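Geometric and topological summary
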Amino acid sequence: MSAASSAPSIGIDFGTSNSAVACRVGEQTRLLPIEGDATTLPTAIFFNAEDRTTHFGREAVALYLAGVEGRLMRSLKSLLGSALMQEKTAIYDGLVSFEDIIARFLHELGQRAARELGQVPQRVVIGRPVHFVDDDSKRDQRAEDSLRHAARAAGFQDIAFQLEPIAAAFDYEQRVTKESLVLIVDIGGGTSDFTVVRVGPERATRAEREDDVLATTGVHIGGTDFDQRLNLDRVMPLLGFRHNGLQGREVPSKVFFELSSWHLINWLYAPKAIRQAQELRTNYADPRLHARLMIVLEERYGHRLASEVEQMKIDSSVNDAPVSIGLGYLETGLAASLTPADMAQQLAPLLADVVACAHACVKRAGLRSNDLDAVYLTGGSSALRPFQHALRKSFAGVPLVEGDLFGGVAAGLACAARFR
Ligand SMILES: Nc1ncnc2c1ncn2[C@@H]1O[C@H](COP(=O)(O)OP(=O)(O)OP(=O)(O)O)[C@@H](O)[C@H]1O
Ligand SMILES: [Mg+2]
């Protein structure tokens, strides 16, 4: 046996918000600890300009929040398939492409897995959403190709892809005791993915599962879109979004959309973007709002604001209660708040599209919702209260099973890897 074929195969869930790695040991799937004891690593990378080091995950976010000079990048997966993928960006050791940055992240995942496994894994099954890019198969293929190149550059030799919702189904299948027809719902940071599958203890042992996958659908809507919507509604107006200027015209909105899109925030810190934002001053009737915008850009508070909005979303959902955040670092006494009713109202159109995509999957499978034995929920955003409410209403009578929010896809990818 060659060294490569005796090395363990792993599953990597390269998520928009969080990544995870799992491997199969005997009959057991094991999620690997990849940041301290944690089995998830936030998909974040920080290039420290002070000492020219690179950091990942929670550590990356913490350094940025502590005010260390450097560049934080999050939601790297959202760049796959976008025109920005071809561009290069400046970090402390020169210009690098986004593919390189993704490769560095995947390489780090491989190294951390190797610490646990005792050797560097070379065979990997990587998850991919049903659509990286909606309604554009060429760009979608380009996104997968970029991810494959990045994985190769990261040192993996044998690389395969599996759809994320199918991986989630394989994980769920480990726990079912009888054959069932299930709609798998994976609502993550960037995408919402669905599959209707036949699962069962006996089927789980088969290598060939194509006949059991009745349909898949996906839409490019996830938690980062919810964050953006809430940021535009609750925080950006404090910086001038929808503010009527002196001539009764609204301040141009591009900057606010970019500032509330996780993967675009960095662009606003470039000298040219700062100059353009300064020039917006004449569009404001209230100079205080413009001053706040300039503090956010000059002090690089964009990711901090986005994180706080995200936390507000999670807290309001978990506690079903109003939440507020202090923005005293922009102006003394400034705050933003969110009530469960605001959230339900703001997210309703996006959630309606997500639920419609779930129904499209069932229809594509040639079924009606009452043919399903269960709806299985995974992905961090599947916990969102208004989402669960909308789903329950439209799949009335079908049991909702809440699964592992963050580890299910990686675990299922490791199950898929055992047949390779
Ligand atoms: N309790 C919660 N309620 C609502 N949303 C939550 C909760 N916990 C986490 N989230 C959201 O879940 C998202 C991350 O979920 P997850 O880690 O499953 O995504 P991902 O796998 O990185 O993304 P994708 O699969 O789309 O590439 C974030 O947008 C986060 O804000
Ligand atoms: Mg995911």
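A brief structural summary. This is a predicted model, so every value here is computed, not measured.

The next subject is the pairing of strand E13 (residues 192-199). Taken residue by residue, a regular strand's side chains alternate between the two faces of the sheet. With seven of eight residues buried, E13 lies mostly within the body of the structure. Judged from the eight bridges that link them, strand E12 (residues 180-187) and E13 form a sheet pairing that is antiparallel. Counterpart to Ser180 in the pairing with E13 is Val199. Here E12 folds back onto E13, and the loop between the two strands holds four residues. Two elements, E13 and strand E14 (residues 213-219), share six bridges in a ladder whose sense is antiparallel.

Moving on, we get to the nonpolar core. Membership of the largest hydrophobic core comes to 73 residues, with the highest contact counts inside it found for Leu183, Phe256 and Phe387. Sorting elements by how many residues they give to this core places helix H11 (residues 340-364) first, with 10 residues. The contact partners of Leu183, leaving out residues within four places of it in the chain, are Phe194, Thr195, Val196, Ala358, Cys361, Val362, Leu372, Ala374, Val375, Tyr376 and Phe395. By size, the runner-up hydrophobic cluster in this structure holds 40 residues, among which are Ile10, Val21, Cys23 and Ile45.

Taken together, three strands build an open sheet; the order of strands is E6-E5-E7 and the sheet is antiparallel. Pairing within the sheet leaves two strands with one partner each, and these edge strands are strand E6 (53-56) and strand E7 (70-74). Averaged over neighbouring strand pairs, the angle between their axes works out to 15° when direction is ignored. Two strands pair when backbone bridges link them, and strand E5 (residues 44-48) and E7 are joined in this way by five bridges, in the antiparallel orientation. In the sheet register, Asn48 faces E7, and the bridge partner there is Gly70.

Here the focus is the layout of surface pockets. In this structure, the largest pocket encloses a volume near 910 Å³. As for the largest pocket, its lining consists of 42 residues, and the residues nearest its centre are Ser17, Asn18, Gly380, Ser381 and Phe406. Elements with a minimum of two residues in the lining of the largest pocket: helix H2 (57-65), helix H6 (223-234), helix H10 (302-319) and helix H13 (408-417). Of the residues forming the lining of the largest pocket, the biggest block, seven residues, is contributed by H10. Grouping the constituent residues of the lining of the largest pocket by class yields 11 nonpolar, 20 polar and 11 charged.

Taken together, 23 residues are adjacent to ligand 1, and Thr16, Ser17, Asn18, Lys77 and Glu310 come closest. Between an oxygen atom of ligand 1 and a side-chain N or O atom of Thr16, the distance comes to 2.6 Å. At 2.6 Å from an oxygen atom of ligand 1 is found a side-chain nitrogen or oxygen belonging to Glu310. Contact with the protein chains removes 93% of the 660 Å² of surface that ligand 1 exposes when unbound. For ligand 1, the cavity whose grid points lie within 2 Å of the majority of its atoms is the largest pocket. Within the residue set of the shell around ligand 1, elements represented by two or more residues are H6 and H10. Per-element accounting of the shell around ligand 1 gives the leading share, four residues, to H10.

Bringing helix H4 (residues 137-153) into the picture now. The end-to-end C-alpha separation of H4 is 24 Å, in line with the 24 Å expected for 17 residues at 1.5 Å each. Asp140, Ala143, Glu144, Ser146, Leu147, Ala150 and Ala151 are the residues of H4 that are buried. One side of H4 carries all its buried residues, which in axial view fall inside an arc of 155°. Residues of H4 that are exposed and point over 90 degrees away from its buried face: Ser137, Lys138 and Ala153.

Before going further, it helps to spend a moment on the side chain of Ser317. Among the secondary structure elements, Ser317 is positioned in helix H10. Filtering out sequence-adjacent residues up to four positions away, Ser317 remains in contact with Met343, Ala383, Leu384 and Arg385.

Our next topic: the sheet that holds E13. One open sheet accounts for five strands, arranged E14-E13-E12-E17-E18; its pairing is mixed. Strands at the two margins of the open sheet, each flanked by one partner only, are E14 and strand E18 (400-402). Direction aside, the axes of adjacent strands within the sheet are offset by 20° on average. Set on the sheet, helix H12 (residues 385-394) makes contact with E12, strand E17 (374-378) and E18; between it and E17 the angle comes to about 165°.

Alignment of strand E2 (residues 18-25) against strand E3 (residues 28-31), held across four bridges, turns out to be antiparallel. Each bridged residue has a counterpart across the sheet, and for Ala22 the counterpart in E3 is Leu31. Once E2 ends, the chain turns through two residues before running back antiparallel as E3, passing Gly26 with a positive phi of about 60°.

Cut-offs and rules
Residues numbered from 1 in each chain as written. Chains lettered and ligands numbered in written order. Predicted model: local features only at pLDDT ≥ 70, side-chain atom pairs only at ≥ 80, totals over all residues. Heavy atoms only, no water. Buried < 20%, exposed > 50% of the residue type's maximum accessible area, 1.4 Å probe, protein only. Helix = DSSP H or I, 4+ residues; strand = E, 2+ residues; numbered from the N terminus. Pairing = 2+ DSSP bridges. Core = buried A, V, L, I, M, F, W, Y, C linked by side-chain atoms within 4.5 Å. Contact = heavy atoms within 4.5 Å. Axes fitted to C-alpha atoms, helices over the stretch in contact; angles between N-to-C directions. 1 Å grid on protein atoms, 1.4 Å probe; cavity = no way out; pocket = protein on both sides within 12 Å on 5 of 7 lines; lining within 4 Å. Points joined across faces, edges and corners; volume = space filled by probe spheres on them. Nonpolar A, V, L, I, M, F, W, Y, C, P; charged D, E, K, R; others polar. Near = heavy atom within 4 Å. Polar contact = N/O pair within 3.5 Å; in protein donor to acceptor, adjacent residues only side chain to side chain. Areas by Shrake-Rupley, 256 points an atom, 1.4 Å probe, with all protein chains shown as cover. Sits in = over half its atoms within 2 Å of the grid points. Expected span 1.5 Å × (residues − 1). Arc of directions from axis to C-beta.

Shape descriptors only; they carry no functional weight alone.
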